[in-house]
Amino acid sequence: MNIIWLTKLTEKDSFRNTQLMMSEALRKQGNEVSLILARNLSEKKEIQKGIVYVPTLNVKILSGFLFGFIVFLYLPRLIKNKKVDIIIISGDTIWSPFLLLLKAFKIPLILDMRS
């Protein structure tokens, strides 16, 4: 099963490890998981398998808008290439244009409201 997990957490968020560990557990069960995380432009990150870092700014309102805009442009290509079965979205990562996009692809959506 192909899963995309989308969250706007960065290195500064202490509970980011939950998403990392759960996505790793899903991979061990034989699922292909792509975890999409935000990354401040000042952070240097190594490329890790199954994790996509979306660059954002360290400004509260602007970072959410930039993250949403990049995901809105990038996600359709990822959905077509990977033939995604399920998308998991953290509760703090919801924009109405994004939800309309998911309705167009008719992909099941799981909202993770823990954050």
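Model, not experiment: these values are computed from the prediction. (Residues numbered from 1 in each chain as written. Predicted model: local features only at pLDDT ≥ 70, side-chain atom pairs only at ≥ 80, totals over all residues. Heavy atoms only, no water.)

Draft legend 1. The arrangement of the pattern of salt bridges in detail. Within this structure, the stated rule accounts for 2 salt bridges. Note that Glu24 is salt-bridged to Arg27, the shortest N-O span being 3.2 Å. Pair noted here: Glu24 and Arg27 are both in helix α1 (residues 16-28), with a separation of 3 residues, about one helical turn. Here Glu32 ties to Lys82 by a salt bridge, and the two come within 3.0 Å at their closest N and O atoms. Residue Glu32 is located in strand β2 (residues 32-40), and its partner Lys82 is located in helix α2 (residues 60-82); the two are separated by 50 residues in the primary sequence. The partly exposed category is assigned to Glu32, whose relative accessible area is 41%. (Salt bridge = Lys/Arg side-chain N within 4 Å of Asp/Glu carboxyl O. Helix = DSSP H or I, 4+ residues; strand = E, 2+ residues; numbered from the N terminus. Buried < 20%, exposed > 50% of the residue type's maximum accessible area, 1.4 Å probe, protein only.)

Draft legend 2. Structural detail: the sheet that holds strand β3 (residues 51-56). Here we have 5 strands laid out as an open sheet, ordered β3-β2-β1-β4-β5, and parallel in their pairing. Taken across any chain shown, the strands that pair with only one partner, and hence form the sheet edges, are β3 and β5 (109-112). Averaged over all neighbouring strand pairs, the angle between strand axes comes to 20°, with direction disregarded. Strand direction decides the pairing type here: strand β1 (residues 2-6) and β2, joined by 5 bridges, are parallel. From the neighbouring strand, Ile4 faces β2, where its bridge partner is Ser34. Contacts from α2 reach β1, β2, β3 and β4 (86-90) within the one sheet, and its direction differs from that of β3 by about 150°. (Pairing = 2+ DSSP bridges. Axes fitted to C-alpha atoms, helices over the stretch in contact; angles between N-to-C directions. Contact = heavy atoms within 4.5 Å.)

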